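For reference, the chains in residue letters:
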Amino acid sequence: MRGGVHVIVLLGPPGAGKGTQGALLAERCGARHISTGSLLRDEVASGSHLGLQIRDIMARGELVSDGHLFACLEHSLASLSRSAEAQGTLVVLDGVPRNLAQVGLLDAALDRAGVKVDGVLELQAPLEKLVDRFQRRWTCSSCGSILALESAPAAGSACPRCGTKGSLGRRDDDAPEAVRRRLAVYQEATAPVSAAYGKRGILEVIDGLLDPEGTHLKVLEKIAKIFPLSSC
Ligand code: AMP
């Protein structure tokens, strides 16, 4: 991939694998993975004023306000085109936009940074199949890795990716009640977003029920249709 900054949006319901695919693109293709969920969780962990305002909303599985989201995201987006080292970079947005208003707000924020959404990959999966994935989902609070484990990790066990002991846990919003709410919010607010990108002719759909490696191959195929990827 030469010159410019290419921006890809990963869409799809919670649990479809956006975070995993974003992490694989970062690890294997040098992509810059911007996860709004991670940015917001970091804000909560920092104990900032904004973090305190959004903590309970996130724990319930609701969307934070567009204003709070962009207050958190704007800085990451603004830096996209400024640094010389960003040139030739693939930027993967995971978790935004999550409603129709955010489609326009994201366009405007990217425009200010001198870039645009080049392609949208939607990981599709029937919502009822995803509920089960959350039962097996554990997250490392140190490196952010998402792991699928058949049973709960033993107390104090180490993260297989970064080696930190005692860091594996279940996110508050991966509890069954919050998962149900997140899936309902997805259906109401986020599902219409793919139609908006479909109208622009930049939407590609991928089966989100494949395993992570199978999905990764499909993701690479689709990205290659949008622009040549030489770095992975
Ligand atoms: P995720 O890790 O992408 O599943 O996001 C976790 C939580 O962060 C969501 O359930 C929301 O509470 C919040 N969040 C993430 N992205 C957004 C967004 N674009 N708009 C509003 N809230 C968001």
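For the structure, check the block above.
Residues numbered from 1 in each chain as written. Predicted model: local features only at pLDDT ≥ 70, side-chain atom pairs only at ≥ 80, totals over all residues. Heavy atoms only, no water.

Trainee: What's the story with the overall build of the protein chain in this structure? I'm lost.
Mentor: For the protein chain, the count of helices and strands is 8 helices and 8 strands. Relative to the 2.2 N^0.38 estimate, which gives 17 Å for 232 residues, the radius of gyration of the protein chain is 17 Å and therefore close to what a compact globule would have. Projected onto the principal axes, the alpha-carbon positions of the protein chain cover approximately 45 × 35 × 35 Å. Taken across its 232 residues, the protein chain has 45% of its residues classed as buried. When contacts within the protein chain are restricted to residue pairs at least 6 apart in sequence, long-range pairs at least 24 apart make up 72% of them. Between the centroid of the 27 positive side chains of the protein chain and the centroid of its 26 negative side chains there is a distance of 2 Å. (Helix = DSSP H or I, 4+ residues; strand = E, 2+ residues; numbered from the N terminus. Rg over C-alpha atoms; globule rule 2.2 N^0.38 Å. Buried < 20%, exposed > 50% of the residue type's maximum accessible area, 1.4 Å probe, protein only. Contact = heavy atoms within 4.5 Å. Lys, Arg positive; Asp, Glu negative; His and termini not counted. Charge placed at Lys NZ, Arg CZ, Asp CG, Glu CD.)

Trainee: What exactly am I supposed to notice about the packing of helix α4 (residues 66–78) against helix α5 (residues 100–112) here?
Mentor: For any two helices packed against each other, the geometry comes down to the angle between their axes and how far apart the axes lie. Close contact between α4 and α5 brings their axes to 11 Å; oriented N to C, the two are set at 25°. Our classification of the angle between α4 and α5 gives roughly parallel. For the pair α4 and α5, the crossing hand works out as right-handed. Contact residues: α4 offers Asp66, Leu69, Phe70, Glu74 and Leu77, while α5 offers Ala101, Gln102, Leu105, Leu106, Ala109, Leu110 and Arg112. A class-by-class count of the residues in the contact of α4 with α5 yields 8 nonpolar, 1 polar and 3 charged. (Axes fitted to C-alpha atoms, helices over the stretch in contact; angles between N-to-C directions. Parallel < 35°, antiparallel > 145°, perpendicular 65-115°, else oblique. Left-handed = near helix turned anticlockwise from the far one by under 90°. Nonpolar A, V, L, I, M, F, W, Y, C, P; charged D, E, K, R; others polar.)

Trainee: Could you clarify how one ought to interpret the site of the ligand in this entry?
Mentor: Around the ligand, the structure places 16 residues, and the nearest of them are Thr36, Glu62, Gly95, Arg98 and Gln102. Within the side chain of Arg171, a nitrogen or oxygen atom sits 3.2 Å from an oxygen atom of the ligand. Contact with the protein chains covers 96% of the free accessible surface of the ligand, which is 480 Å². For the shell around the ligand, the element with the most residues is helix α2 (residues 36–46), which contributes 4 residues. Tallied by class, the residues present in the shell around the ligand amount to 6 nonpolar, 4 polar and 6 charged. (Near = heavy atom within 4 Å. Polar contact = N/O pair within 3.5 Å; in protein donor to acceptor, adjacent residues only side chain to side chain. Areas by Shrake-Rupley, 256 points an atom, 1.4 Å probe, with all protein chains shown as cover.)

Trainee: Got a minute to help me understand the environment of Pro153 in this structure?
Mentor: Structurally, Pro153 is set in the loop between β6 (146–148) and β7 (168–169). Pro153 sits 10 residues away from Cys143 along the chain, and the two C-alpha atoms are 16 Å apart.

Trainee: Help me understand α2, please; the structure alone is not making it clear to me.
Mentor: Two residues of an α-helix separated by three or four positions point the same way, owing to the 3.6 residues in each turn. Taken together, the buried positions of α2 are occupied by Thr36, Gly37 and Leu40. Buried residues in α2, looked at end-on, bunch into an arc of 100°, giving them a common side. Exposed residues pointing more than 90 degrees away from the buried face of α2 are listed as Asp42 and Ala45. The elements touched by buried residues of α2 are β2 (32–35), α3 (49–60), α4 and β3 (89–94). Residue Gly47 follows α2 closely and has a positive phi angle near 75°. (Arc of directions from axis to C-beta.)

Remember that the coordinates give geometry; whether it matters functionally is a separate question.
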